Amino acid sequence: MDYKSGLIQDGNPMENLEKQLICPICLEMFTKPVVILPCQHNLCRKCANDIFQAANPYWTNRSGSVSMSGGRFRCPSCRHEVIMDRHGVYGLQRNLLVENIIDIYKQECSSRPLQKGSHPMCKEHEDEKINIYCLTCEVPTCSMCKVFGAHQACEVAPLQSVFQGQKTELSNCISMLVAGNDRVQTIITQLEDSCRVTKENSHQVKEELSQKFDVLYAILDEKKSELLQQVTREQEEKLSFIESLIQQYREQLDKSTKLVETAIQSLDEPGGAIFLLSAKQLIKSIVEASKGCQLGKTERGFENMDYFTLDLEHIADALRAIDFGTDEEEEEYIEEEGHEEEESTEGKEGHQ
């Protein structure tokens, strides 16, 4: 419906129809056979083959060998990627409807008289059509300009031959440009794939690195808990011993206090007989209590915890030295450690 309405609304339907029959590669009316792409755009099979060969330089077939599989190129109209089988463009379906429309259009054009004003006229000779091409000045002109005008000394050629030559040259340039665009698009796709793979590999390395450091964190936390428990056990043992001494000294103090009170009460006795009855035993108890003051004591520096000391400087240096390295560097590091252990073992045996 849109196609027909476009032709009806246009002042010149034949010109509008001709625009619909122009190949986007050679910019001329489709040359049979016409092939239709999967995206529904049409191309001359020759033009399609040109851009396909340019995009796939190592693909040759039609009994020229070398084509284990198909190739691909992008539609010049919509940039849709067309994937070919092993037959290349010869495997594309022909658009017989477009070919029939071209035949009908050419028959219609050949039967119609040339309209006035449809051919450009010479500016110098208004009644003369432009029908030759000045090769020297590189401009189209008329026969009168060659005979009597400004192009008498110039080299000229038939307009149609130059027209066909320049159209062919422009078509080749377009094919080269389209092929170049396909190569650029291929490079872009490769770079995008490289970017994606780089991100995936980086994510994987980060995950592995995080896992390795998590293992180190777990080892450090486990060792920290173990060492803290050792300190706690030592603290509890010392506090238990000190508290037991405190309890013994308090009991001794209570006994001494009671003896002092009893002794003071005896001193207050006015009668000598009563005093003498208890004095001797009281004195004996006080002497024994005085000897009992020799209870256990803590040694000097008992409360110190200095022996729980760690020298972690070499481990800290090793942690600071952590870096990415090759397998060869890791092997060399392991070998160096092995040599150092052997030397230290030999030194100990020599001293013995």
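Looking up the protein in an unreviewed UniProt entry gives the name E3 ubiquitin-protein ligase TRIM63, with the organism given as Erinaceus europaeus. According to the UniProt record, the Subcellular location (unreviewed entry) comment for the protein reads "Cytoplasm, Myofibril, Sarcomere, Z line".

Our focus in this paragraph is the environment of Pro 158. By secondary structure assignment, the location of Pro 158 is in strand S8 (residues 156-158). Along the primary structure Pro 158 and Cys 134 are separated by 24 residues, whereas in three dimensions their C-alpha atoms are 9.0 Å apart.

Below, the discussion takes up the packing of aromatic side chains. Taken as a whole and assessed by the stated rule, the structure comprises three aromatic pairs. Summarising the aromatic geometry, the rings of Tyr 307 and Phe 308 are spaced 4.7 Å apart at their centres and angled 45° between planes, so their arrangement reads as tilted. By relative accessible area, which is 31% here, Phe 308 ends up partly exposed. Stacked on the ring of Phe 302, the Lys or Arg Lys 238 has its end atom at 5.1 Å from the ring centre.

Moving on: the sheet that holds strand S1 (residues 34-36). Taking strand neighbours across the sheet as the criterion, the three strands line up as S2-S1-S5 in an open arrangement whose pairing is antiparallel. Only two strands of the sheet have a single neighbouring strand rather than two, namely strand S2 (42-44) and strand S5 (93-94). Sheet topology note: the S1/S5 ladder contains two bridges and is antiparallel. Among the inter-strand pairings, Val 35 is bridged to a residue of S5, identified as Arg 94. On top of the sheet, helix H3 (residues 45-55) reaches S1 and S2; it is set at about 90° to S2, its chief contact.

With an omega dihedral of 0°, the bond running from Lys 32 to Pro 33 counts as a cis peptide bond. The residue Gln 40 is not glycine, and still its phi comes out positive at about 80°. Residue position: Gln 40 is located in the loop between S1 and S2. Take Gln 40: its relative accessible area is 56%, and that puts it in the exposed class. For Glu 138, which is not a glycine, the phi torsion comes out positive at approximately 60°. Among the secondary structure elements, Glu 138 is positioned in the loop between strand S6 (132-134) and strand S7 (139-141). Taking the relative accessible area as the measure of exposure, Glu 138 reaches 59% and is therefore exposed.

Below, the discussion takes up the sheet that holds S6. One open sheet holds the three strands; their spatial order is S7-S6-S8, and the pairing between them is antiparallel. Of all the strands in the sheet, just S7 and S8 have a single pairing partner and so form its edges. Averaged over all neighbouring strand pairs, the angle between strand axes comes to 35°, with direction disregarded. On the sheet, helix H6 (residues 159-267) packs against S6, S7 and S8 and is oriented at approximately 85° with respect to S8.

In this fold, Asp 182 is placed in helix H6. On the accessibility criterion, Asp 182 (5% relative accessible area) is buried. Here the side chain of Asp 182 touches Arg 79 through a polar contact of 3.3 Å, side chain to side chain.

Once that is clear, we can look at the nonpolar core. Counting residues in each nonpolar core, the largest one holds 28 residues, and the members touching the most others are Leu 21, Cys 23, Phe 30, Leu 37, Leu 43 and Phe 73. Counting only elements with at least two residues in this core, the list comes to S1, S2, H3, helix H4 (96-111) and H6. When sequence neighbours within four positions are dropped, the list of residues in contact with Phe 73 reads Leu 37, Leu 43, Ile 51, Phe 52, Ala 55, His 80, Glu 81, Val 82, Met 84 and Asp 182.

Calculation criteria
Residues numbered from 1 in each chain as written. Predicted model: local features only at pLDDT ≥ 70, side-chain atom pairs only at ≥ 80, totals over all residues. Heavy atoms only, no water. UniProt positions renumbered as here; feature names shortened; annotations may be inferred. Helix = DSSP H or I, 4+ residues; strand = E, 2+ residues; numbered from the N terminus. Phe/Tyr/Trp six-rings, centres within 6.5 Å; stacked < 30°, edge-to-face > 60°. Buried < 20%, exposed > 50% of the residue type's maximum accessible area, 1.4 Å probe, protein only. Lys NZ or Arg CZ within 6 Å of the ring centre and 35° of its normal. Pairing = 2+ DSSP bridges. Contact = heavy atoms within 4.5 Å. Axes fitted to C-alpha atoms, helices over the stretch in contact; angles between N-to-C directions. Polar contact = N/O pair within 3.5 Å; in protein donor to acceptor, adjacent residues only side chain to side chain. Core = buried A, V, L, I, M, F, W, Y, C linked by side-chain atoms within 4.5 Å.

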